[in-house]
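# Overview (structure and organization)
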Amino acid sequence: MQDIRIELTQNPKPKPTDESKLGFGNIFTDHMFIMNYDEGQGWHDPRIVPFSDISLSPAAMCLHYGQEVFEGMKAYRTAEGKILLFRPDRNMARLNMSNNRLCIPLIDESFAQSAIEKLVSVEKDWIPSAEGTSLYLRPFIIAVDPHVGVHPAKHLLFMVICCPVGAYYPEGLNPVKIYVESNYVRAVHGGMGYVKTGGNYAASLKAQDEAEKQSYTQVLWLDGIERKYIEEVGTMNVFFVIDDEIVTPALQGSILPGITRMSAIEILKSWGMKVSERRISIQEVAEAAKSGHLKEAFGTGTAAVISPIGHLKWEDHIMLINDGNIGEISQRLYDTLTGIQWGKLPDTMDWTVEVK
Ligand SMILES: *Cc1c(COP(=O)(O)O)cnc(C)c1O
């Protein structure tokens, strides 16, 4: 295992004093993790250094061809002052799955996790403590070879930056309005839909922008071939409660395999509920809504954890779900997942990792 060099800042920034105004992704902590890859040397020189701009050649390959991957995870402060990560091994495994798809050299997962734990430990005073707040962690890898030409890079940077983030729902769980996109598509089987890489988000901007103009929060994507089957929502996976069956689209290569999705499925099954990972068409959802069988719908993702969906618009169908209120299963899942993450409930699944 390589040693991580630590250089502490001489100019610590003032920490935000009003934790109700943190927002999401605007404030960065004092330090960052960085490690280089150079062909022949492998990943080397891991270090925690003061947060700063980095210098890149204007020809750096990530800027031109999008050879880039990232992760999103959080560190939580419990009421007793402990610091917890939630299933960080899963993020590292997914990062390597993304690396593999983008021809990026694999990282040592347990070393990368220990580097993240070290960084969180250095930044522990930046982890907010108000209800629902956390430290968002953004690991990412970029190709930096100064070369205009499409080839896998030989020189890369792995970095981790941290943002203290506010409660997603300061006034309690609020159902969102979702726009079902039938024109643009996000990903197709054989593409990169199952990995966290910038190009997928670049592809989503146009639809997201148009949905926002019509006052919808996010887009629900349909499959890229028939525009019939449900994929996922913006940056969340999606679940529908139809009578006593909880349905989420099966992972078939075009959907991001969310860690919140996986955890929600495991919790629902532990409650003895019927969970199906299968194909589900928007037609089926619309019919279930019309006949009164669609009880709840919700999204899952690290940022919001559980995001109830109160309103879906698909072409000229408007579906109001549970009268626009949060459903019982959505609320119970939210309470359970956040209970484990913030250390309010016993971690019977052994999902959290304490950072010392
Ligand atoms: C990150 C992400 C998710 C959710 O994954 P989690 O691991 O639960 O945070 C879902 N869909 C997309 C497109 C994502 O980028």
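Each chain carries its own residue numbering, running from 1 in the written order of its sequence. Local features in this predicted model are restricted to residues of pLDDT 70 or higher, and side-chain atom pairs are both shown and tallied only at a pLDDT of 80 or more, whereas totals for entire chains, interfaces and linings draw on every residue. Where side-chain values are given, they derive from all heavy atoms of the structure, hydrogens and water being excluded.

## Quick notes on empty space enclosed by the protein
Using only the protein atoms, space was sampled on a 1 Å grid; points where a 1.4 Å probe fits but cannot get out form cavities, open sets with protein on both sides within 12 Å along at least five of seven lines form pockets, and lining residues are those with an atom within 4 Å of a point. Grid points are joined across faces, edges and corners, and a volume is the space filled by probe spheres set on the points. Applying the stated criterion across every chain yields a total of one cavity of 30 Å³ or more. In this structure, the largest cavity encloses a volume near 90 Å³. Every residue along the wall of the largest cavity is listed here: G72, M73, K74, Y76, L85, F86, N91, I259, T260, T302 and Q341. Looking at the lining of the largest cavity, the elements that each hand over two or more residues are β5 (73–77), β6 (83–86) and α5 (259–270). Each helix is a run of H or I in the DSSP string that is no shorter than four residues. Each strand is a run of E no shorter than two, and both are numbered from the N terminus. The element contributing the most residues to the lining of the largest cavity is β5, with three residues. Per the annotation, domain bounds derive from an automatic or database assignment of domains. In this structure, the lining of the largest cavity is formed jointly by two domains, domain 1 (5–165) and domain 2 (176–339), each of which donates at least three residues.

## Looking at the layout of surface pockets
To find the voids left in a structure, one rolls a probe of water-molecule size over its atoms. Looking at the largest pocket, its volume works out to about 530 Å³. Surrounding the largest pocket, 26 residues form its lining, Y136, R138, K196, T235 and A303 being those nearest its centre. Of all the secondary structure elements, the ones that give two or more residues to the lining of the largest pocket are β7 (134–143), α5 and β15 (294–301). Tallied by class, residues from the lining of the largest pocket come to ten nonpolar, eleven polar and five charged. Two domains each put at least three residues into the lining of the largest pocket: domain 1 (5–165) and domain 2 (176–339). One number sums up the size of the second largest pocket: a volume of about 410 Å³. In this count, Pro and Cys sit with the nonpolar residues alongside Ala, Val, Leu, Ile, Met, Phe, Trp and Tyr, while Asp, Glu, Lys and Arg are called charged and the others, Gly among them, polar.

## Quick notes on the nonpolar core
Nine residue types can take part in a nonpolar core, namely buried Ala, Val, Leu, Ile, Met, Phe, Trp, Tyr and Cys, and a core is a set of them joined through side-chain atoms within 4.5 Å. We call a residue buried when its accessible area falls under 20% of the maximum for its residue type, exposed when it is over 50%, and partly exposed in between, using a 1.4 Å probe and counting protein chains only. Counting 48 residues, the largest nonpolar core has F33, W43, V120, L137, I141, L156 and F158 as its most contacted members. Note on definitions: a residue-residue contact is assigned when non-hydrogen atoms from the two residues lie within 4.5 Å. Filtering out sequence-adjacent residues up to four positions away, W43 remains in contact with Q2, M35, N36, Y37, P105, L106, I107, I141, L156, L157 and F158. Formed by 24 residues, the second largest nonpolar core is a distinct cluster that contains L220, F240, A286 and L294.

## Here's the deal with the pairing of β6
What you see with β6 is no split at all: I83 and L85 on one side and L84 and F86 on the other are buried throughout. Strand pairing is defined by DSSP finding a minimum of two bridges between the two strands. Sheet topology places β5 next to β6; three bridges connect them, and they run antiparallel. Directly across from R77, in β6, lies its bridge partner I83. Pairing between β6 and strand β18 (residues 352–355): four bridges, direction antiparallel. Of the residues in β18, the one forming a bridge with F86 is T352.

## Thoughts on helix α4 (residues 198–213)
What a helix is expected to span follows from its residue count: subtract one and scale by 1.5 Å. Relative to the 22 Å expected for 16 residues at 1.5 Å per residue, α4 spans 23 Å between its end C-alpha atoms, a close match to the ideal helical length. The reported bend at a residue is simply the angle between two axes, fitted to the 7 residues ending at it and to the 7 residues beginning with it. The sharpest bend along α4 comes to roughly 40 degrees, located at L205. Turning to α4, its buried residues are N200, Y201, S204, A207, Q208 and A211. Here the buried face of α4 lies against β4 (68–70), β9 (176–181) and β10 (218–222). Looking one or two places after α4, you find S215, whose phi comes out positive at around 60 degrees.

## Considerations on the pairing of strand β13 (residues 245–249)
β13 sits mainly inside the fold: five of its five residues count as buried. Residue alternation in β13 divides its side chains into two sets, E245, V247 and P249 and I246 and T248, and both sets are buried. Where strand β12 (residues 237–242) and β13 come together, three bridges link them in antiparallel fashion. Residue V241 lies in a different strand from β13, and its bridge partner there is I246. Note that β13 and strand β14 (residues 274–278) share five bridges and pair parallel.

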